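Fold and contact review
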Amino acid sequence: MSSETDAAYMARALQVARNALYTADPNPAVGCVLVKHGRIIAEGWTQPPGQAHAEIHALRQTELAAGATAYVTLEPCSHHGRTGPCCDALIAAGVTRVVAAIEDPNPLVSGQGLRKLKAAGVDIDTGVMAAEAAALNRGFLKRMTQGLPWITGKLAASLDGRTALASGESRWITSEAARADVHRHRAASSAVLTGVGTVLQDDPRLDARVDFPAAQPIKVVLDSQLRTPPNAKLLENGGQVWLLTCSADFEKIRELKAYGFKIHTIESIDGKPDLNAACRFLAGLGVNNLWVEAGAELNGAFLRSGLVDEWLIYMAPCILGDRGRGMFQLPELNTMHDKIVLSLIDCQPLGPDLKLIYTQQPNNR
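First, a word on scope: everything that follows refers to the structure included in this document. (Residues numbered from 1 in each chain as written. Predicted model: local features only at pLDDT ≥ 70, side-chain atom pairs only at ≥ 80, totals over all residues. Heavy atoms only, no water.)

1. Quick notes on the sheet that holds strand β17 (residues 342–350)
- Taken together, the 9 strands give an open sheet; going across it, the order is β11-β10-β9-β8-β14-β6-β15-β18-β17, and neighbouring strands pair in mixed fashion. Here the strands that pair on one side only, and so sit at the sheet edges, are β11 (262–265) and β17. Taking the axes of each pair of neighbouring strands and ignoring which way they run, one obtains an average angle of 25° across the sheet.
- Here 5 bridges tie strand β6 (residues 150–158) to strand β14 (residues 289–293), and the two strands are oriented parallel to one another. Residue pairing for β14: Trp 150 is matched across the bridge by Asn 289. (Pairing = 2+ DSSP bridges. Helix = DSSP H or I, 4+ residues; strand = E, 2+ residues; numbered from the N terminus. Axes fitted to C-alpha atoms, helices over the stretch in contact; angles between N-to-C directions.)

So this is what it looks like as structure tokens:
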């Protein structure tokens, strides 16, 4: 089959995979398209955790899979988890060719699925639209290869770089369109992280309020001394709320657990949670995409750490004045050589606002 035809069917598989972006976590969002005699006979995508993977979902839509080609955006799994191996299902169904965009870096798979298919006589091709497939599951791939989630820092600011008035009032700097975009990003994230200072100041809910099916992200608070109020709005929608702490106050831990918080003790630096340790801890618990909504102090710490993969800044056409709160709290810089440089990779209008996406230059990481 021509490379153009393979690319067209893989593009469809990638489109199908997007159906799982808000519900598959912590699994990757995978799409599968079954093609026979030049036409699509079935499509499938990753179902919620514990349910069918994309290949199984597609196979359940047809009884004509014998002799078909399966286009999958990620290598079919070969191990027994909460579901059976997808490569075994493809072999049993009589699929004669598998085109996989990329190999699965999960050590439990890592090429074994493709080798098992090949040993069963199935023709294998890989690398079709690999870059697009990798971008679709960048958080899962980073977690599997680096032991860290994909980390996005979000800020909403005025044209003069202020995130709130001196009093802390910040509702609303940006427009409804920008706020709706934030909710979509939250819905696509495994977890939303903030600091206890933001919880005490703003009492946010940090849930994803969207008009489509989506799993609620885990809400994570860096709270070194367990100052989160037991009646915080974080608990209102019944989603998981994790407090990452350095405290050994067992009475306080017991009290907060009784209200529904999950408490995790992590390594500290100068009495505060170690950001690298915290992010690796979250990755170890299956967090692929970490969305950070925090105040200037924590934003500054993340900026200095170099852990953030991209910064999303929603810039509103308003001025809040020099007494307003800034975006990043940083030590005083003595020379321009010490400045932290970001690279603009995208700029999108959202109503009256601008959505700016930056990455941090390597020498600042």
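Here the narrative resumes.
2. Describing the packing of aromatic side chains
- In the structure shown here, the tally under the stated rule is 3 aromatic pairs.
- Ring geometry for Tyr 22 and Phe 212: centres 4.6 Å apart, planes at 55°, overall tilted. With Tyr 22 in the loop between α1 (3–17) and β1 (31–36) and Phe 212 in the loop between α8 (196–202) and β9 (218–222), the pair connects residues that are 190 residues apart, well separated along the chain.
- Tyr 22 sits in the partly exposed class, given a relative accessible area of 24%.
- Owing to a relative accessible area of 27%, Phe 212 belongs among the partly exposed residues under this scheme.
- Here Trp 311 and Phe 328 contribute two aromatic rings whose centre-to-centre distance is 5.1 Å and whose plane-to-plane angle is 85°, an arrangement assigned as edge-to-face. Of the two residues, Trp 311 is situated in strand β15 (residues 310–316) and Phe 328 in the loop between β16 (325–326) and β17; the sequence distance between them amounts to 17 residues. (Phe/Tyr/Trp six-rings, centres within 6.5 Å; stacked < 30°, edge-to-face > 60°. Buried < 20%, exposed > 50% of the residue type's maximum accessible area, 1.4 Å probe, protein only.)

3. Observations regarding the packing of helix α3 (residues 86–93) against helix α4 (residues 112–119)
- Contact geometry for α3 and α4: axes closest at 9 Å, N-to-C directions at 20°. What the angle tells us is that α3 and α4 run roughly parallel. Note that α3 runs across α4; the crossing there is right-handed. Across from Cys 87, Asp 88, Leu 90 and Ile 91 in α3, the residues of α4 making contact are Gly 113, Lys 116 and Leu 117.
- For the contact of α3 with α4, the per-class residue count stands at 4 nonpolar, 1 polar and 2 charged. (Parallel < 35°, antiparallel > 145°, perpendicular 65-115°, else oblique. Left-handed = near helix turned anticlockwise from the far one by under 90°. Contact = heavy atoms within 4.5 Å. Nonpolar A, V, L, I, M, F, W, Y, C, P; charged D, E, K, R; others polar.)

4. Overview of the side chain of Asn 299
- Structurally, the position occupied by Asn 299 is in helix α11 (residues 296–305).
- Those residues in contact with Asn 299, other than ones at most four positions away along the chain, are Leu 155, Val 292, Ala 294, Trp 311, Met 327 and Phe 328.

5. Looking at α4
- Taken residue by residue, α4 has Gly 113, Leu 114 and Leu 117 as its buried positions. Projected down its long axis, α4 carries its buried residues within an arc of 95°, all on one side. The exposed set on the far side of α4, more than 90 degrees from its buried face, consists of Arg 115, Lys 118 and Ala 119.
- Its buried side turned inward, α4 meets α3, β4 (97–100) and β5 (123–126).
- Following α4 by one or two positions, Gly 121 adopts a phi angle in the positive range, close to 90°. (Arc of directions from axis to C-beta.)

6. Considering the pattern of salt bridges
- One pass over the full model with this rule turns up 14 salt bridges.
- Taking the shortest distance from any N to any O, the salt bridge between Arg 138 and Glu 310 comes out at 2.8 Å. One end of the pair, Arg 138, is in helix α6 (residues 138–146); the other, Glu 310, is in strand β15, and 172 residues separate them in sequence.
- Residue Glu 310 is classed as buried on the basis of its relative accessible area of 7%.
- Close ionic contact of Arg 186 with Glu 293 constitutes a salt bridge, the shortest N to O distance being 2.7 Å. Of this pair, Arg 186 sits in helix α7 (residues 176–187) while Glu 293 sits in strand β14, placing them 107 residues apart in sequence.
- With a relative accessible area of 8%, Arg 186 lands in the buried category.
- One continuous salt-bridge network, built from bridges that share partners, spans Asp 6, Arg 97 and Asp 125. (Salt bridge = Lys/Arg side-chain N within 4 Å of Asp/Glu carboxyl O.)

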